[in-house]
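Each chain is listed here by its residues.
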Amino acid sequence: MAESQQPARSRIPGSGLAKGLAVTLRTMTRKTVTEQYPDVQPDLPPRSRGVIGLFEENCTVCMLCARECPDWCIYIDSHKETVPAAAPGGRERSRNVLDRFAIDFSLCMYCGICIEVCPFDALFWSPEFEYAETDIRELTHERDKLREWMWTVPAPPALDPAAEEPKEIAAARKTAEKLAQAQAQAEPKEGEA
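Residue indices follow the written sequence of each chain, beginning from 1 at its first position. Totals for whole chains, interfaces and linings use all residues, but because this is a predicted model, local features are given only for residues with pLDDT of at least 70 and pairs of side-chain atoms are given and counted only at 80 or more. Think of the side-chain values as coming from all heavy atoms in the structure, minus any hydrogens and water.

K.L.:
Is there a simple way to think about the overall build of the chain in this case?
P.N.:
The secondary structure listing takes helices from DSSP runs of H or I that are at least 4 residues long and strands from runs of E that are at least 2 residues long, numbered from the N terminus. Helix and strand counts for the chain stand at 5 helices and 5 strands. In the chain, the succession of helices and strands from N to C terminus is α-β-α-β-β-α-β-β-α-α. Whereas a compact globule of 193 residues would reach a radius of gyration of roughly 16 Å, the chain reaches 30 Å, over 25% beyond that. Across its three principal directions, the C-alpha atoms of the chain cover 105 × 60 × 50 Å. For the radius of gyration, the atom set is restricted to C-alpha positions; the globular benchmark scales as 2.2 Å times the number of residues to the power 0.38.

In structure tokens form, the structure reads like this:
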């Protein structure tokens, strides 16, 4: 039978305690850095996650954000309105109108699923982080507060200049160039006649 081999290191009693004390002593001898918050605002990393801002004009009340939220902390109420026909003889359309959009930040786990699933870009991460309340029931913020946070959302980073042009833009540019050439060729013929 093969005997299992033990590791060849010898354990010195108290070595773990000595390592722990060494870490403590190194930390004690370092100079401490005190952040002067709230007098001096901290430098946040770009695109940091603070709260969720709502761009109400883009919201179509599709309810995807509320359905996909694992904590069910998004509350949406809406009603339907009838829009008259755009052209005579056309039919009337109905559209959803947003009555209430609220997020309970005492339940939110800041996962960002609601922002990712929104097909109309109505939700964005804002770097705003000072929204503490004295009562937990006041952490449910309605759409007016969410809209205020929307204006603190930073602009998206610039596209990489070495990146390929998107296919949609390239196709649109080719079509526009063809139309411009066709118009340029058609103008001299009209002047000759």
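K.L.:
What am I meant to see in the sheet that holds strand 5 (residues 140-141) here?
P.N.:
Two pairing modes exist for strands in a sheet, parallel and antiparallel, and in both the strands are linked by backbone hydrogen bonds. Pairing is antiparallel in the open sheet, where 3 strands are placed in the order 2-3-5. The open sheet is flanked by strand 2 (74-83) and strand 5, the only strands paired with a single partner. Two strands pair when backbone bridges link them, and strand 2 and strand 3 (residues 93-104) are joined in this way by 10 bridges, in the antiparallel orientation. Its bridge partner being in strand 3, Y75 is matched across the sheet by A102. A pair of strands is labelled paired if DSSP reports no fewer than 2 bridges between them.

K.L.:
Please clarify how helix 4 (residues 143-150) should be interpreted in this entry.
P.N.:
For an α-helix the count is 3.6 residues per turn, leaving residues at separations of three or four pointing the same way. Those residues of helix 4 lying buried are L146, W149 and M150. Down the axis of helix 4, the buried side of the element spans an arc of 110°, and every buried residue falls inside it. Of the surrounding secondary structure, the elements contacted by the buried residues of helix 4 are strand 1 (51-54), strand 3, strand 4 (123-126) and strand 5. When a residue's accessible area, from a 1.4 Å probe over protein chains only, is under 20% of the maximum for its type it is buried; when over 50% it is exposed; and in between it is partly exposed. Relevant arc is that of directions from the helix axis to the C-beta atoms, nothing else. Whether two residues touch is decided by their heavy atoms; if any such pair falls within 4.5 Å, the residues are in contact.

K.L.:
Quick question: what am I supposed to make of the pattern of salt bridges here?
P.N.:
As a working rule, side chains carrying opposite charge can pair if their charged atoms are close by. For this analysis, a salt bridge means a side-chain nitrogen from Lys or Arg found within 4 Å of a carboxyl oxygen belonging to Asp or Glu. In total, this model carries 7 salt bridges according to the counting rule given. Close ionic contact of K145 with E148 constitutes a salt bridge, the shortest N to O distance being 3.8 Å. Placement of the pair is K145 and E148 together in helix 4, with a separation of 3 residues, close to one helical turn. A residue is classified by how much of its surface remains accessible, and K145, at 30% relative accessible area, is partly exposed.

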